[in-house]
Amino acid sequence: MIIVPIKEGENIERALKKLKRKFDKTGVVRELRNRQKFTKPSVVARERRLKAIYIQHLQSEAEKVSM
């Protein structure tokens, strides 16, 4: 359960913003979406590997530009 302490006279919009931020950090919605369908472990590993290759490519491009 997410609890957001509110100070005396604090704006309700600010409290809602804090609640939304905490909710996003917990990852509940992301986990719920992942559990809606099953993805094979091999597919998950492939996606992670492709993402790592992409990030490595971006970093190498950034190094080339900074030189």
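Residues numbered from 1 in each chain as written. Predicted model: local features only at pLDDT ≥ 70, side-chain atom pairs only at ≥ 80, totals over all residues. Heavy atoms only, no water.

Undergrad: Got a minute to help me understand helix H1 (residues 12-26) in this structure?
TA: What sets the pattern is the α-helix's 3.6 residues per turn: residues three or four places apart point alike. The first and last C-alpha atoms of H1 sit 21 Å apart over 15 residues, in line with the 21 Å expected at 1.5 Å per residue. Gly27 occupies a position one or two residues after H1 and carries a positive phi of about 80°. (Helix = DSSP H or I, 4+ residues; strand = E, 2+ residues; numbered from the N terminus. Expected span 1.5 Å × (residues − 1).)

Undergrad: In this structure, what is going on with the side chain of Glu10? I would like to understand it.
TA: When you line up the elements, Glu10 lands in the segment before H1. With residues up to four places along the chain from it excluded, the contact list for Glu10 reads Pro5 and Lys18. (Contact = heavy atoms within 4.5 Å.)

Undergrad: Honestly, the environment of Ile55 in this entry has me stumped. Any pointers?
TA: Relative to the elements of secondary structure, Ile55 occurs in helix H3 (residues 41-66). Considering only alpha carbons, one finds Ile55 and Glu13, 42 residues apart in sequence, at a separation of 37 Å.

Undergrad: Looking at this model, I keep getting lost on the pattern of salt bridges. Mind explaining?
TA: Counted by the stated rule, this structure contains two salt bridges. The salt bridge involving Glu10 is made with Lys18; its shortest N-O contact spans 3.2 Å. For Lys18, a relative accessible area of 29% gives the class partly exposed. For the salt bridge of Glu31 with Arg35, the shortest nitrogen-to-oxygen distance reads 2.7 Å. Taken as a pair, Glu31 and Arg35 lie in helix H2 (residues 28-35) at a separation of four residues, close to a single helical turn. A relative accessible area of 40% places Glu31 in the partly exposed class. (Salt bridge = Lys/Arg side-chain N within 4 Å of Asp/Glu carboxyl O. Buried < 20%, exposed > 50% of the residue type's maximum accessible area, 1.4 Å probe, protein only.)

Function cannot be inferred from these measures alone, as they are strictly geometric.
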